[in-house]
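# Results of the structural survey
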Amino acid sequence: MRRYLPWAVSGALLLAAGMFAEVSWRSVRPSIPEIGRKDLEPTLGQGVLLGVLGGLRTLVADLTWIRSYVLWERRDRGGCEALMRAACALDPHSRYFWEQTGYVIGYDLAHWEIRRRGGYDKVPAEIQERLFQTYGRRGIDIFEEGIARSRVTTPLVLCAAQLAEIKLKDHKLSARYYRQAAESPDAPWYAARICAQVIWQDGRQQEAYRWFRDYWTTRMLPRDDGYPDDLEKLRTMEEVLRIPPAERIPRARWER
């Protein structure tokens with residue numbers, strides 16, 4: 001009899017956890033459809049939810065997020081976005097929620113809308129582009145809100161930079177985000193190079209070179225390896241711009 005006791009206790013605990021999750025979801029579910037149904041205002045009902053749920057809001061945020069993926073699989077634009085926005089409202093410090101919500105809105109919803117209107121062959125190209133622009137800017141708004149509220153912000157800045165570059169094709173806006181990420185304390189190694197590349201592709205080649213050169217000199221060169229790949233990129237810029245030899249970056253001791 002005793003050998004079955006641990007299994008019985010485990011089963012009881014699992015059953016209790018399942019019942020608790022179901023009760024939590026049912027308690028918040030009536031409030032969630034109201035969020036975002038009217039122009040998807042991010043703050044609609046937020047104060048009420050946080051006040052009622054208290055310490056349970058992180059758990060309910062997870063349940064809400066899981067439910068949002070069910071609607072994502074169904075390509076339910078309104079319901080998916082509403083639930084994702086609700087999860088962000090319930091757990092505003094979660095970088096993951098903001099990141100994925102911005103991606104879904106910025107990249108997926110335009111495609112769903114085009115399919116709803118008959119598909120890529122039937123929707124004119126200019127309307128498709130307008131939809132990509134509209135939802136792309138809404139995705140940027142999500143990232144901006146997450147940057148203001150999340151504890152970890154640099155990944156969201158990079159997400160905004162990529163969305164501005166890929167969907168909006170706005171190199172100035174994209175470069176601004178990449179520069180913000182590159183100049184942050186936890187900047188990833190690639191942010192500065194991509195920033196310089198975006199500025200360069202925008203036709204501002206001198207500006208790209210000057211900024212990247214200053215960044216490499218002050219932040220990369222003092223490091224252990226001196227970032228030789230980035231210096232090589234700068235050398236290519238110097239060649240294209242025909243920078244006089246006397247004005248170029250002094251040759252590093254480890255260069256060939």
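The notes below deal with the structure included here.

### Topic: the pattern of salt bridges
Going through the model one piece at a time under the given rule, you end up with 14 salt bridges. Where E145 meets R85, a salt bridge forms, and the shortest distance between an N and an O atom there is 3.0 Å. One end of the pair, E145, is in helix α6 (residues 125-149); the other, R85, is in helix α4 (residues 77-90), with 60 residues separating them in the sequence. For R117, the salt bridge identified is with E113, shortest N-O distance 2.8 Å. Exposure remark for R117: the relative accessible area of 42% places this residue in the partly exposed category.

### Let's talk about the packing of helix α3 (residues 57-73) against helix α5 (residues 95-116)
Here α3 crosses α5 at 15°, and the two axes come no closer than 13 Å. Here α3 lies roughly parallel to α5, going by the angle between them. By crossing handedness, the relation of α3 to α5 is classed as left-handed. The residues of α5 that touch α3, namely those facing A61, D62, W65, Y69 and W72, are Y96, F97, Q100, T101, V104, D108 and W112. When grouped by side-chain class, the residues that make up the contact of α3 with α5 number eight nonpolar, two polar and two charged.

### A few points about the environment of D225
Structurally, D225 can be placed in the loop between α10 (205-220) and α11 (228-241). Spatially, the C-alpha atoms of D225 and W254 are 9.5 Å apart, while their sequence positions differ by 29 residues. A polar side-chain atom of D225 sits 3.2 Å from the main-chain amide nitrogen of Y227.

### Regarding the side chain of Q128
Relative to the helices and strands, Q128 is located in helix α6. The buried category is assigned to Q128, whose relative accessible area is 12%. Here Q128 is in contact with I114, Y120 and V123, once residues within four sequence places are set aside.

### A few points about the packing of aromatic side chains
Scanning the entire structure with this criterion turns up nine aromatic pairs. Aromatic side chains W65 and F97 sit 4.8 Å apart centroid to centroid with 20° between the ring planes, which places their arrangement in the stacked category. Here F97 lies in helix α5 and W65 lies in helix α3, a separation of 32 residues in the sequence. For the pair shown, W65 and F97 are each scored as buried. Every member of this aromatic cluster is reached through a ring pair, and the members are W65, Y69, W72, Y96 and F97. Its guanidinium or amino end placed over the ring of W72, R75 lies 5.2 Å from that ring's centre, counting from NZ or CZ.

Calculation criteria
Residues numbered from 1 in each chain as written. Predicted model: local features only at pLDDT ≥ 70, side-chain atom pairs only at ≥ 80, totals over all residues. Heavy atoms only, no water. Salt bridge = Lys/Arg side-chain N within 4 Å of Asp/Glu carboxyl O. Helix = DSSP H or I, 4+ residues; strand = E, 2+ residues; numbered from the N terminus. Buried < 20%, exposed > 50% of the residue type's maximum accessible area, 1.4 Å probe, protein only. Axes fitted to C-alpha atoms, helices over the stretch in contact; angles between N-to-C directions. Parallel < 35°, antiparallel > 145°, perpendicular 65-115°, else oblique. Left-handed = near helix turned anticlockwise from the far one by under 90°. Contact = heavy atoms within 4.5 Å. Nonpolar A, V, L, I, M, F, W, Y, C, P; charged D, E, K, R; others polar. Polar contact = N/O pair within 3.5 Å; in protein donor to acceptor, adjacent residues only side chain to side chain. Phe/Tyr/Trp six-rings, centres within 6.5 Å; stacked < 30°, edge-to-face > 60°. Lys NZ or Arg CZ within 6 Å of the ring centre and 35° of its normal.

By themselves, these figures tell us nothing about what the structure is for.
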